[in-house]
Amino acid sequence: MSESSEETRITREGPLHRLDGALAARGWATQPLLHYDRARIKASRWRIKEWDYYLVGDDSYAVALTLSDLGYAGLVSASLVDFEQGAYKTTSVVTPLPLGRFKLPASSKEGVSAFENDRVSFRFEAADGVRALSARFARFDGDDDLTFEAVLDDEPRDSMVIVTPWAEDPKAFYYNQKIVGMQARGSFKKGLVVHGFAPNGSFGLLDWGRGVWTRDNTWFWAVAQGWQDGKGGAEPGSHRFGLNLGYGFGDTSSASENMVFVDGVAHKLHRVDFGVPERGGSRDARKVVDRFDLLKPWHVRDDQNRLDLVFTPLLDRVDAMDFALIRTDQHQVFGRFDGTVVLDDGSPFKVAGLPGSAEVVHNVY
């Protein structure tokens, strides 16, 4: 795997934090080698943020589930995206002051993440390389309930792992793993709509994170997964391909989170820019949609001439909240990627019609 001299690869196991609360290392890896221990964090409990986000999808639908303990608030959220109709529905439940009572696992590899009240029940169980997901959300869309069951397996060899500090706050950090391109099978039911996810054409991903953030952040994240033949086609049974790209969150001078995956093997990229079309004179706009024209094509490139993609949007899934302590302006744009990435051996890999999403999020937590 090619590695930039400007980035640090983590290669040894050990604790994420030293006993004094400082990060033991910062950089990137392809496995979660550092062990998260909530007790070693020196920041206040209300600042600690822990979350599990899963997305399962095929060419017709995607289901996304978020279970997050943000310290002073818990967020339990489900989204259903209908690609054929170009429509989506997101419903969330916010709970006050969990402060760690969700007891989300310290490891992404094993354990149970769960939440239940009189309206919603989520359970994510990871063990022996298999992830079992189940969700029930009463009155998800009007009077229609949402139920969902899925199993994710055939986990790729490599994933994206990053340890990121904030220069302005020595207590702030971001420990994140993104597993892209797991095989998925399952189904959902919403009202009269029933859909099955067949393993030959369905994929799942995990965004697992633990950290302490500064209060005001804007980030960019893109993720995609599917079959690609590397020559401009997308036939099942060729190559399982995925990408994870992102920037804007914390001090990434030690490492970026930019990788592509071919048959589960990571190829590390350096810095990227999403080339999101901007509206004239709006760089200081308060709302994301006032600054960016999100439904025009994005030109995604890196700084080493290895990545050149066009992202063609289909729909913008907007999730905005404005409470006393929490404000979020999230635009997760679903669409397709086309272009070329140069792999670590120097060979070009053509990407054609790869389904995925690219988002711009401004959060005040």
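To start, this report covers the structure provided alongside it. For clarity, every value in this text was computed on a predicted model and none was experimentally measured.

## Quick look at the pattern of salt bridges
One side chain can pair with another of opposite charge once the charged atoms of both are near each other.
Right, on to step 1. Counted by the stated rule, this structure contains 19 salt bridges.
Right, on to step 2. When the shortest N-O distance is used, the salt bridge between Glu 50 and Arg 38 registers 2.9 Å. On the criterion of sequence distance, the pair formed by Glu 50 in strand 4 (residues 48-57) and Arg 38 in the loop between strand 3 (34-35) and strand 4 is long-range, its members being 12 residues apart.
Right, on to step 3. For Glu 50, a relative accessible area of 3% translates into the label buried.
Right, on to step 4. Assessed through its relative accessible area of 23%, Arg 38 is described here as partly exposed.

## Observations regarding the environment of Phe 249
Right, on to step 1. Structurally, Phe 249 is set in the loop between strand 17 (239-247) and strand 18 (259-262).
Right, on to step 2. Judged by its relative accessible area of 7%, Phe 249 is buried.
Right, on to step 3. Residues Phe 249 and Arg 185, spaced 64 residues apart in sequence, show a C-alpha to C-alpha distance of 32 Å.
Right, on to step 4. Those residues within four positions of Phe 249 in sequence are excluded, and the remaining contacts are Thr 164, Trp 166, Tyr 174, Trp 213, Asn 217, Thr 218 and Trp 219.

## Considerations on the pairing of strand 6 (residues 73-82)
Right, on to step 1. Of all 10 residues making up strand 6, 10 are buried, and the element is well covered by its neighbours.
Right, on to step 2. Burial along strand 6 is two-sided: the residues Ala 73, Leu 75, Ser 77, Ser 79 and Val 81 and Gly 74, Val 76, Ala 78, Leu 80 and Asp 82 are all buried.
Right, on to step 3. In terms of strand pairing, strand 5 (residues 61-69) meets strand 6 through nine bridges, oriented antiparallel. Considered in strand 6, the bridge of Leu 67 is made with Val 76.
Right, on to step 4. The loop that links strand 5 with its antiparallel partner strand 6 comprises three residues; one of these, Gly 71, has a positive phi angle of about 90 degrees.
Right, on to step 5. Examined bridge by bridge, strand 6 and strand 7 (residues 87-96) share 10 bridges and lie antiparallel to one another. The residue of strand 7 that forms the bridge with Ser 79 is Thr 90.
Right, on to step 6. Connecting strand 6 to the next strand, strand 7, in antiparallel fashion are four residues, including Gly 86 with a positive phi near 65 degrees.

About the cut-offs
- Residues numbered from 1 in each chain as written.
- Predicted model: local features only at pLDDT ≥ 70, side-chain atom pairs only at ≥ 80, totals over all residues.
- Heavy atoms only, no water.
- Salt bridge = Lys/Arg side-chain N within 4 Å of Asp/Glu carboxyl O.
- Helix = DSSP H or I, 4+ residues; strand = E, 2+ residues; numbered from the N terminus.
- Buried < 20%, exposed > 50% of the residue type's maximum accessible area, 1.4 Å probe, protein only.
- Contact = heavy atoms within 4.5 Å.
- Pairing = 2+ DSSP bridges.

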